[in-house]
Amino acid sequence: MAVFEQHISMAQEYLKVQSEITQLLLKKWSSVSSAKGDYNGSIPFLSSWLTLRESLMSELEQEQREQQSSSRLIQEHGKLLEDNSSLSAYCQTLRGKLSLVQSQNQQHS
């Protein structure tokens, strides 16, 4: 569970850093465009910004899918732990009954 929480924290930090990079690039674009007096130099920047945005959106969607998968796996793990506990208790009960039957058979022999 701690690994899952650490993974989410790291993903959030990554998205925060990517957002800051985008903001810095927007500031750069704004200052370059105003210094040139036109927007001709902004096309490559705008293209790279759109590519970055698409990439971030794709990564966010992937992160959400992984988060859903992780949640499902955590639930399955919990269910398996419950099943294991239940089966262990049942096994212990059967061992006790077997021991009782064996001791009764030894007494009759």
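The structure under discussion appears in the preceding block.
Residues numbered from 1 in each chain as written. Predicted model: local features only at pLDDT ≥ 70, side-chain atom pairs only at ≥ 80, totals over all residues. Heavy atoms only, no water.

Per the secondary structure count, the protein includes two helices and zero strands. Among the 109 residues that make up the protein, the fraction classed as buried is 10%. A total of about 9000 Å² of accessible surface is found on the protein, and carbon and sulfur atoms cover 57% of it. (Helix = DSSP H or I, 4+ residues; strand = E, 2+ residues; numbered from the N terminus. Buried < 20%, exposed > 50% of the residue type's maximum accessible area, 1.4 Å probe, protein only. Areas by Shrake-Rupley, 256 points an atom, 1.4 Å probe, with all protein chains shown as cover.)

Before going further, it helps to examine the pattern of salt bridges. According to the stated counting rule, one finds two salt bridges in the structure shown. In this structure, the salt-bridge partner of Arg-72 is Glu-76, at a minimum N-O distance of 2.7 Å. Of the two residues, Arg-72 and Glu-76 both sit in helix α2 (residues 42-108), four residues apart, roughly one turn of that helix. The shortest N-O distance in the salt bridge between Lys-79 and Asp-83 comes to 2.9 Å. One end of the pair, Lys-79, and the other, Asp-83, are both in helix α2, four residues apart, so they sit about a helical turn from each other. Look at Asp-83 and you get partly exposed, because its relative accessible area is 31%. (Salt bridge = Lys/Arg side-chain N within 4 Å of Asp/Glu carboxyl O.)

What follows deals with the side chain of Glu-63. Here Glu-63 is to be found in helix α2. Summary of buried charges: Glu-63 has no salt-bridge partner, and the nearest side chain of opposite charge, Arg-65, is 9.9 Å away. For Glu-63, the contacting residues outside a window of four places in its chain are His-7 and Ala-11. (Lys, Arg positive; Asp, Glu negative; His and termini not counted. Contact = heavy atoms within 4.5 Å.)

Turning to the environment of Ala-11, a few remarks are in order. Within the secondary structure layout, Ala-11 lies in helix α1 (residues 2-36). Relative accessible area serves as the criterion here: at 14%, Ala-11 is assigned to the buried category.

Moving on: the side chain of Gln-18. With respect to the helices and strands, Gln-18 occurs in helix α1. Of the residues examined, Gln-18 reaches a relative accessible area of 12% and is grouped as buried. Excluding residues within four positions of it along the chain, Gln-18 makes contact with Leu-52 and Leu-56.

Function cannot be inferred from these measures alone, as they are strictly geometric.
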